[in-house]
Amino acid sequence: MTLLDRARQLEDQDPVKTRRDQFHIPQRKDGGDMVYFCGNSLGLMPKAVFGDVQAELEDWRDLAVDGHHHARRPWYPYHESFRESGARLVGARPGEVVFMNTLTANLHFLMASFYRPEGRKTRILSDAPTFPSDIYALQAQIRWHDGDVNRDMLVLEPKEGRHCLETQDIVASIEEHHSELAMVMLAGVNFFTGQAYDLAAISAACAAHDVPFGVDLAHAAGNIDLNLHDDGVDFAAWCSYKYINCGPGAVGGAFVHERHATNEDLVRLAGWWGNDPSTRFQMDEMTDFVPHPGAEGWQVSNPPILSMAPLHASLAIFDEVGISSLRERSKRMTGFLEECISAIGEDHYSIITPADENSRGAQISIKVHGSAQELRESLQATGIVTDFRPPDVIRIAPTPLYNTYEEIARFSQVLGEQVGATN
Ligand SMILES: *Cc1c(COP(=O)(O)O)cnc(C)c1O
């Protein structure tokens, strides 16, 4: 059986069907679909988004200020319509999740409450390689509190010769340093290696020592089946333009665990939209901020409707499939990709993503022994979109909503030809 036949058979046999027809697939110049493996960077556009954004433009044009209460989807409670579906997506309870701002902004707003260095407890434990924006944000928080970046950044590196961290090493580091830790902040899925961390185990270690645990879910939300509530994570933030397919710069998401919902002692950078809606407009009488219970209490401004509109179409697709089913399809697809790449041999590149399917999401990162940049460009020339991360890594993300097994087979054939292997 050829690789293509095998791919078609895997597609037919997969009980979780592709939602490809609900997305716009970028086209090659000569016609035909591109093979798009970059959904971990910018997800494809759900077809229904066009109509949803247009509806908001029409309602603004026709209703102006009355749209706050009389638009087809009224703007005043707009963010509330994602309470349930947003919570389902990350394994949270309704009220623990809100869509607002953008990712790095949300990290800052949440750290304003959860990074409270005091006495000897000033340090932040994070994972390497760290995404640049997260490094800047962590360093800025430390400086904001007059800390010392060299002392307070505790960045955990993989062991010599390894690419990924071990859960036991992260836990051991928390045990070792807990008396100095003011916060632990990790990725849910590491952007570079594609490694998914064991959040439950890390969360338990943090809770045992009363260290707040925050997670950057940029590469995890919409990718793996998270259980933020049960895992006991304190707070989390993510963007919606990667696996959540809501378009460039889309509105991000934030999670705050229920146990903090009504804690009015938590300091926060407040604004009117985080105030209890029943008194939000009593601006003359009510000068004291009354936080809305739950994650919504961290909102600052009223929601950007045009930017939020794509969430409806996107979350509806996730609800239709269910994140757990999607994750099963994703494991099978990523497994097939790994198998195809491994079959080409290790002479030209090696996989740095963990082999255990529970320790990774929909991404395989390969370390290229020649020029990774050139490889990315020659793949692109054949209509295959991947991405290059310096110095020598190519990331391939088969996104289970719209990628197919056949695309994986076609990619592998081209990859094999590139290195002169017979495949
Ligand atoms: C994509 C990504 C970001 C991007 O931050 P924005 O504030 O949305 O621009 C930040 N952190 C990580 C880990 C990412 O993967």
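All values derive from a computational prediction rather than experimental measurement.

(A) Summary view of the domain arrangement of the chain. On domain assignment, one finds that the chain holds domain 1 (3-46 + 323-421) and domain 2 (77-319). A C-alpha centroid distance of 29 Å is found between domain 1 and domain 2. Taken together, the contact pairs 34 residues of domain 1 with 25 residues of domain 2. Connecting domain 1 to domain 2 are one salt bridge. At the surface where domain 1 touches domain 2, the tally comes to nine residue pairs in polar contact (both at pLDDT 80 or more). Listing elements by their share of the side of domain 1 that touches domain 2, those giving two or more residues are helix H13 (323-344), strand S10 (364-368) and strand S13 (393-396). No other element matches H13, which puts five residues into the side of domain 1 that touches domain 2. Class assignment of the residues belonging to the side of domain 1 that touches domain 2 gives a composition of 14 nonpolar, 14 polar and six charged.

(B) Quick peek at the sheet that holds strand S5 (residues 181-187). Read across the sheet, seven strands follow the order S2-S8-S7-S6-S5-S3-S4 without closing on themselves; strand pairing throughout is mixed. Since the sheet does not close on itself, it has two edges, and those belong to strand S2 (97-99) and strand S4 (153-156), each with one partner. Geometrically, the sheet is characterised by an average inter-axis angle of 15° between neighbouring strands, direction not taken into account. Two strands pair when backbone bridges link them, and strand S3 (residues 123-127) and S5 are joined in this way by four bridges, in the parallel orientation. By the bridge assignment for S5, Leu125 is matched with Val184.

(C) Just the site of the ligand, in detail. Taken together, the neighbourhood of the ligand is formed by Leu103, Thr104, Phe131, Asp134, Asp216, Ala218, His219, Tyr241 and Lys242. Between the ligand and His219, the relevant distance is 3.1 Å, taken from an oxygen atom to a side-chain nitrogen or oxygen of the residue. With respect to the ligand, the side chain of Lys242 contributes an N or O atom lying 2.5 Å from an oxygen atom. Within the complex, 83% of the 390 Å² of free accessible area of the ligand lies under protein.

(D) Looking closely at helix H2 (residues 49-63). In this model H2 runs 21 Å from its N-terminal to its C-terminal C-alpha over 15 residues, within 8% of the 21 Å that 1.5 Å per residue would give. Looking at H2, one finds that the buried residues are Val49, Asp52, Ala55, Glu56 and Asp59. Summarising the axial view, the buried residues of H2 lie within an arc of 130°, below the 170-degree limit, and thus occupy one face. Exposed and oriented more than 90 degrees from the buried face of H2 are Phe50, Arg61 and Asp62. Summarising the contacts, the buried residues of H2 are in contact with helix H11 (305-308) and helix H12 (310-321).

About the criteria used
- Residues numbered from 1 in each chain as written.
- Predicted model: local features only at pLDDT ≥ 70, side-chain atom pairs only at ≥ 80, totals over all residues.
- Heavy atoms only, no water.
- Domains from an automatic or database assignment.
- Contact = heavy atoms within 4.5 Å.
- Salt bridge = Lys/Arg side-chain N within 4 Å of Asp/Glu carboxyl O.
- Polar contact = N/O pair within 3.5 Å; in protein donor to acceptor, adjacent residues only side chain to side chain.
- Helix = DSSP H or I, 4+ residues; strand = E, 2+ residues; numbered from the N terminus.
- Nonpolar A, V, L, I, M, F, W, Y, C, P; charged D, E, K, R; others polar.
- Pairing = 2+ DSSP bridges.
- Axes fitted to C-alpha atoms, helices over the stretch in contact; angles between N-to-C directions.
- Near = heavy atom within 4 Å.
- Areas by Shrake-Rupley, 256 points an atom, 1.4 Å probe, with all protein chains shown as cover.
- Expected span 1.5 Å × (residues − 1).
- Buried < 20%, exposed > 50% of the residue type's maximum accessible area, 1.4 Å probe, protein only.
- Arc of directions from axis to C-beta.

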